[in-house]
Each structure stands twice: as C-alpha cells, then as structure tokens.
Amino acid sequence: MTRTVTALTIAGSDPSGGAGIQADLKAMSANGAYAMSVITALTAQSTRGVTGVHAVPLDFVRLQLDTVLADIRPGATKIGMLATAELAALVAEYLPTLENTVLDPVMVATSGDPLLEPDARAEVRRLCTLVELITPNLSEAAVLLECERARNVEEMIEQAKALRELGVKRALVKGGHLDEDASDVFIDEDGPLVLTGRRIATQNTHGTGCTLSSAIAALRPRRHTWVDAVKDAKAYLTEAIAHADSLGVGHGHGPIHHFHAIWPKEER
C-alpha cells in the first residue's frame, strides 16, 4: 500500500477562505497530501482587506505542535504567517525535527495590509536560514535584504544570489508583480534558474503565495528534486489563477480556484 503523504501548515487563519491556513489546506489536498494545521494567528479579513490580527498565545501554539507531532509526523511542513518575533522563535525550535520545510515569509497581504510586526522581521530573517526553501515575493525579498524591490528578472536573480549569501539554502523569488511575464527565480547551490509561466489577466489573486508554498510542500515528498516540486506547483497555481474568475467570490481581490481540476464543470 502506498504511504499517504502528510503535510503540515503552520500559519494564520483567513476566515474568508482564500488565503492563510484555509488556502494551505485546500492546496495541499488538491495536490494529494493529507493536510494538517497549527494556527498561529487569527485574522479578521476578506477579499477586501485585513481589519484585525490576533496572535494565538505562545503556549497554545506549542501545545498544538506537540500534540500533532506526537501522533503524526509530516512528510513536509509549510510555514506561513507568524505575526510576532516570539512566534517565529518558537517555530524555529521545531525545525530540527521537521523535513521538507518551506517558509513563505508572509509580511504583507495582497491588499497591502501589514501582517508582520516590525520587530519580528529579524527573527523571520533568521528562520529563513533554517528551512529548506523560502518563497518570498518581490516586496518580501526586498524587506529581507533591506534593499529596493527588484524591477526586472535580472535584479531578481541578483537578489536571489544575495539571499544565498545571507545563508538561505534555497529560494524561490516570485515575480508575479512584475509587468512582464510571470517569471520566478529559483536558486540553490547550483545557481539561479528562471521559471517562466503565462500571465493571467485577473484581479482575483487572493492567497497565491500561500497556495504556491503549500503546493510545493505537498508535492516535494513525491518529487525527486525541489526544482521538480516547484515547477509542478507553479503549473498548478497558474491553472488555479486561470479559473479564479469562475468562482465569483467576494468583492475585492477574490480567491483562486484551488479545486479547478476536481469540481464539476457545470459548477465552475
């Protein structure tokens, strides 16, 4: 019997269902993994924006982690919104016991609302050097490097190299906000690799970063390399974005369609 792939997400909750824990669980499930979650923060948000953030008490985050990990060992772990320096430090304690770890250094929502306290940035920067892969967008890469945002693929490559110099093992710098093609830059010890995908004309991109990192985590245990997992996750995300408009959910930046390949066509 084939062993079930288990994947854990450690992140914040989005009650509108498009991002955060909810997007993670959908993306992991759609990519064939049994998804589990540890909630680090509660948010009040919708497709229109974030109106509040409430960090889960540290002791209860630890209790969630200890309880789940004592029973089920995840084949991969995605880490998302951590909100505070204390939460980031707590999660760092568990990294030596986890495998195939992917960190989405969530700092700003699609709507532009901040999701990370300023004093937590240093701790998240340290966390970036402890995981197997980080997936920053252009703004997050700029914050991590304390520099200006990349304006083209060439600058993305330079920033990817700079992240490696900081001690990051692997990085996927996401260029979804560039005006040109939807190009991302993956880098590891073998150097940078540009991954280009087709750009989808839609405003419904709520939760794309959460979805991509979760899909990578779910796929990694069944792929030979990180590059293979990243490529397949990027292809999945592209199709989820392509079908986003068919959902018609919300009045702001709507969610993408995580289950585009599963739902009956007449219900899309």
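Cut-offs and rules
Residues numbered from 1 in each chain as written. Predicted model: local features only at pLDDT ≥ 70, side-chain atom pairs only at ≥ 80, totals over all residues. Heavy atoms only, no water. UniProt positions renumbered as here; feature names shortened; annotations may be inferred. Core = buried A, V, L, I, M, F, W, Y, C linked by side-chain atoms within 4.5 Å. Buried < 20%, exposed > 50% of the residue type's maximum accessible area, 1.4 Å probe, protein only. Helix = DSSP H or I, 4+ residues; strand = E, 2+ residues; numbered from the N terminus. Contact = heavy atoms within 4.5 Å. Pairing = 2+ DSSP bridges. Expected span 1.5 Å × (residues − 1). Arc of directions from axis to C-beta. Polar contact = N/O pair within 3.5 Å; in protein donor to acceptor, adjacent residues only side chain to side chain. Axes fitted to C-alpha atoms, helices over the stretch in contact; angles between N-to-C directions. Parallel < 35°, antiparallel > 145°, perpendicular 65-115°, else oblique. Left-handed = near helix turned anticlockwise from the far one by under 90°. Nonpolar A, V, L, I, M, F, W, Y, C, P; charged D, E, K, R; others polar. Right-handed = clockwise from strand over helix to strand, strands pointing away. Salt bridge = Lys/Arg side-chain N within 4 Å of Asp/Glu carboxyl O.

In the annotation of an unreviewed UniProt entry, the entry for the protein chain reads Phosphomethylpyrimidine kinase, and the organism field reads Schaalia cardiffensis F0333. Comment text from UniProt for the protein chain, heading Pathway (unreviewed entry), reads "Cofactor biosynthesis; thiamine diphosphate biosynthesis; 4-amino-2-methyl-5-diphosphomethylpyrimidine from 5-amino-1-(5-phospho-D-ribosyl)imidazole: step 3/3." UniProt annotates the protein chain under Function (unreviewed entry) with the comment "Catalyzes the phosphorylation of hydroxymethylpyrimidine phosphate (HMP-P) to HMP-PP, and of HMP to HMP-P."

**Considering the nonpolar core**
Ranked by internal contacts, the top residues of the largest apolar core, which has 45 residues, are Leu65, Ile79, Ile134 and Leu163. Looking at this core, the element that brings in the most residues is helix 3 (residues 85–94), giving six residues. With residues up to four places along the chain from it excluded, the contact list for isoleucine 134 reads Leu103, Cys128, Leu144, Leu163, Val168, Arg170, Ala171 and Leu172. In terms of nonpolar packing, the next biggest core, distinct from the first, is built from 23 residues, Leu133, Leu195, Leu219 and Ile256 among them.

**Let's talk about the pairing of strand 9 (residues 191–197)**
Regular strands place side chains that alternate from one sheet face to the opposite one. One ladder, built from seven bridges, connects strand 8 (residues 182–188) with strand 9; its direction is antiparallel. Within strand 9, the position partnered with alanine 182 by the bridge is glycine 197. Between strand 8 and strand 9, which pair antiparallel in sequence order, lie two residues.

**Topic: helix 6 (residues 153–165)**
Over its 13 residues, helix 6 extends 19 Å from the first C-alpha to the last, a length consistent with the 18 Å expected when each residue adds 1.5 Å. Turning to helix 6, its buried residues number three or more, namely Val153, Met156, Ile157, Gln159, Ala160 and Leu163. Down the axis, helix 6 shows its buried residues gathered within 165 degrees of arc, on one side only. Exposed and oriented more than 90 degrees from the buried face of helix 6 are Glu154 and Glu165. At its buried positions, helix 6 is contacted by strand 6 (133–134), helix 5 (138–145), strand 7 (171–174), strand 8 and strand 9. Between the side-chain oxygen of the N-cap and the backbone nitrogen of glutamate 154 there are 3.2 Å, and the N-cap of helix 6 in question is asparagine 152. Looking one or two residues past helix 6, glycine 167 carries a phi angle of roughly 110 degrees, positive in sign.

**Comments concerning the packing of helix 3 against helix 4 (residues 121–128)**
Closest axis-to-axis distance for the helix 3/helix 4 pair is 8 Å, and the angle between their directions is 20 degrees. Accordingly, the angle class assigned to the pair helix 3 and helix 4 is roughly parallel. Here helix 3 runs over helix 4; the crossing is left-handed. Contact residues: Ala85, Ala88, Ala89 and Ala92 in helix 3; Glu123, Val124, Arg126 and Leu127 in helix 4. Residues that form the contact of helix 3 with helix 4 fall into these classes: six nonpolar, no polar and two charged.

**Considering the pairing of strand 2 (residues 34–46)**
Bridge analysis of strand 1 (residues 6–13) against strand 2 gives eight bridges, and the strand direction is parallel. Following the sheet pairing, glycine 12 is matched in strand 2 by alanine 41. Crossover strand 1 to strand 2 through helix 1 (residues 20–30) is right-handed. By the bridge criterion, six bridges tie strand 2 to strand 3 (residues 49–55) in an arrangement that is antiparallel. Opposite threonine 43, over in strand 3, you have valine 53 as the bridge partner. Where strand 2 folds back onto strand 3 in an antiparallel hairpin, the turn is made up of two residues.

**Quick notes on the pattern of salt bridges**
Counting across every chain of the model gives 12 salt bridges. One salt bridge in this structure joins arginine 125 and glutamate 146, with 4.0 Å as the shortest N-O distance. Of the two residues, arginine 125 sits in helix 4 while glutamate 146 sits in the loop between helix 5 and helix 6, which places them 21 residues apart along the sequence. A relative accessible area of 22% means that arginine 125 is categorised as partly exposed.

**Brief notes about the side chain of arginine 170**
Its place among the elements puts arginine 170 in the loop between helix 6 and strand 7. Among the polar contacts listed, one links the side chain of arginine 170 to the side chain of glutamate 132, at a separation of 2.9 Å.

**Some points on the packing of helix 2 (residues 58–69) against helix 3**
In contact at an axis separation of 10 Å, helix 2 and helix 3 are set at 20 degrees when each is read in the N-to-C sense. Comparing the axis directions of helix 2 and helix 3 gives the class roughly parallel. Relative to helix 3, the crossing made by helix 2 is right-handed. Residues Leu58, Val61, Arg62, Leu65, Asp66 and Leu69 of helix 2 lie in contact with helix 3, whose contacting residues are Glu86, Leu87, Leu90, Glu93 and Tyr94.

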